[in-house]
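Analysis of the macromolecular model
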Amino acid sequence: QAAAMAQPDYSDYRIGQAFTDSKSQLTSLDFNSRGDLLISTSGDNVVNVYDALQGRHLGSVKTDQYGSGHGKFLKESSTTIIHSSTKDSDAVRLLSLTDEKYIRYFHGHTDRVNSLSIGKNDETNVFMSSSADRTARIWDVRAPACTAVFRATSRCCGALDPGSMVVAIAMLDPEGNPGVLMYDARQPEKGPFSTFQVPKAQPGKPPIDWTGLKFTQDGNFLVVGTISGEVYLLDSYSGDTMANFSMFTSTGDDIETAVSPCGRVLAAGSPEGTIKLARLARESERGGEQIGQLTGHHDTVGVVAFNPRYAMMASACKTLAFWIPQAV
């Protein structure tokens, strides 16, 4: 059973429960805001739902017609999620877990959606999607049409800041230089108000491509994940690169990073089946220093998630693992 949140030492975690409900690689994990439920999506077109506190599989929702790529709980919800599609079209879909029925479809993307970001502002009902079609879009969950479109010059990855006021989009410019463009979420037509440079790929590394973009919970930093295994910590106001993390050796796998609720730990899976933990801080504060490594998987770990309320993590290859402190 998960313990109440204190300041956790994630390097001392062990697997408390493992699940083999999926027949293929899991593609996303997400805890609800209360931390008592987790959903997983996978390549076998199933959304699985788990009781995170008791370590139980609660049920599955089949998505055979549309597939299920990335999945997210809506803000403050335990019964409705959005998920991207892998078949039929590239729409994002609003799904009731209790009724196992779709409430709304969000059409607009013309290629695979590669990331979803949920607005945290209590006064909004927005989410953001970004796609290989070189657009990022903002949606209100109450309407099927997007409220804003941001056009990129490459495959992009986007994120909403905690206040749902600022949009960050990672992309390559026409010359192939990587960067993060910052927009006012309410006025996309004005273009970016800042452009932050991201270091180019190091010699011998694959060209820059994005595996994730996240704001820390306080909104002060951006965490930029790349397929090469390099992760960059940017100041979200100045754009300065505060730290560089080499989290894994690239094999071309799409491996996402996760940021702890305290904002001080970065976690990423690896092709070797391990989970690397690094200090999330400026280089002057030993940012990027590896502080632990968790073992227990036997295949590529592509997704990791921190529980927002309890001392607990989740990670997945084909197997889903719940991690809890050794002492529990």
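Cut-offs used in this document
Residues numbered from 1 in each chain as written. Predicted model: local features only at pLDDT ≥ 70, side-chain atom pairs only at ≥ 80, totals over all residues. Heavy atoms only, no water. Core = buried A, V, L, I, M, F, W, Y, C linked by side-chain atoms within 4.5 Å. Buried < 20%, exposed > 50% of the residue type's maximum accessible area, 1.4 Å probe, protein only. Helix = DSSP H or I, 4+ residues; strand = E, 2+ residues; numbered from the N terminus. Contact = heavy atoms within 4.5 Å. Phe/Tyr/Trp six-rings, centres within 6.5 Å; stacked < 30°, edge-to-face > 60°. Lys NZ or Arg CZ within 6 Å of the ring centre and 35° of its normal. Pairing = 2+ DSSP bridges. Axes fitted to C-alpha atoms, helices over the stretch in contact; angles between N-to-C directions. pLDDT = per-residue confidence, 0-100. Disulfide = S-S within 2.5 Å.

Turning to the nonpolar core, a few remarks are in order. Soluble globular proteins tend to bury their nonpolar side chains together. Residues Val180, Met182, Leu213, Leu222 and Leu234 are the most contacted members of the largest nonpolar core, which totals 18 residues. Within the residue set of this core, elements represented by two or more residues are β15 (157–160), β16 (166–172), β17 (178–184), β19 (210–215), β20 (221–226) and β21 (230–235). Among the elements that make up this core, the one with the highest residue count is β16 (four residues). If sequence neighbours within four positions are ignored, Met182 has contacts with Val166, Val167, Ala168, Pro192, Phe193, Ser194, Phe196, Phe215, Leu222 and Ser236.

Take the environment of Leu58 next. Within the fold, Leu58 resides in strand β6 (residues 56–62). Between the C-alpha atom of Leu58 and that of Asn48, which follows or precedes it by 10 residues, the distance is 7.7 Å. Excluding its chain neighbours within four sequence positions, the residues that come into contact with Leu58 are Leu37, Val49, Tyr50 and Asp51.

On to the environment of Met247. Here Met247 lies in the loop between β22 (241–246) and β23 (257–259). Aside from chain neighbours lying at most four places away, what touches Met247 is Gly229, Val231, Leu266, Ala267, Ala268, Lys276 and Ala278.

Attention now goes to unusual backbone geometry. The phi angle at Asp88 is positive, at roughly 70 degrees, despite the residue not being glycine. With respect to the helices and strands, the residue Asp88 is situated in the loop between β8 (80–84) and β9 (92–96). Positioned with a positive phi, Ser164 is a non-glycine residue whose angle comes to about 60 degrees. Its location among the elements puts Ser164 in the loop between β15 and β16. On the basis of relative accessible area, Ser164 is assigned to the buried category, the value being 8%.

So, on to the packing of aromatic side chains. Summed over the entire model, instances satisfying the criterion amount to 12 aromatic pairs. Measuring from centroid to centroid gives 5.6 Å for Tyr66 and Tyr105, while their planes differ by 65 degrees, and the two rings are edge-to-face. Placement of Tyr66 in the loop between β6 and β7 (71–73) and of Tyr105 in strand β10 (residues 101–106) is noted, with a sequence separation of 39 residues between them. For Tyr105, a relative accessible area of 30% corresponds to the partly exposed category. One aromatic cluster in this structure is built from Tyr10, Tyr13 and Phe306. A cation sits over an aromatic face here: Arg93 above Tyr66, 3.6 Å from the ring centre.

Once that is clear, we can look at the sheet that holds β21. Taken together, the four strands give an open sheet; going across it, the order is β19-β20-β21-β22, and neighbouring strands pair in antiparallel fashion. Among the strands making up the open sheet, the edge pair consists of β19 and β22. The average undirected angle you get between the axes of adjacent strands in this sheet is 15 degrees. Here β20 pairs with β21 via five bridges, running antiparallel. Residue pairing in the sheet places Val224 in a bridge with Tyr232 of β21.

Before going further, it helps to examine the confidence of the model for the chain. Averaged over all residues, the pLDDT of the chain equals 90, while 93% of them reach at least 70. For the chain, strand β1 (residues 3–4) is the element with the lowest average pLDDT, namely 56, and strand β29 (residues 313–316) is the one with the highest, namely 98.

What the rule picks out here adds up to zero disulfides. A disulfide-free cysteine, Cys146 has its sulfur positioned 13 Å from the sulfur of Cys156, the nearest such atom.

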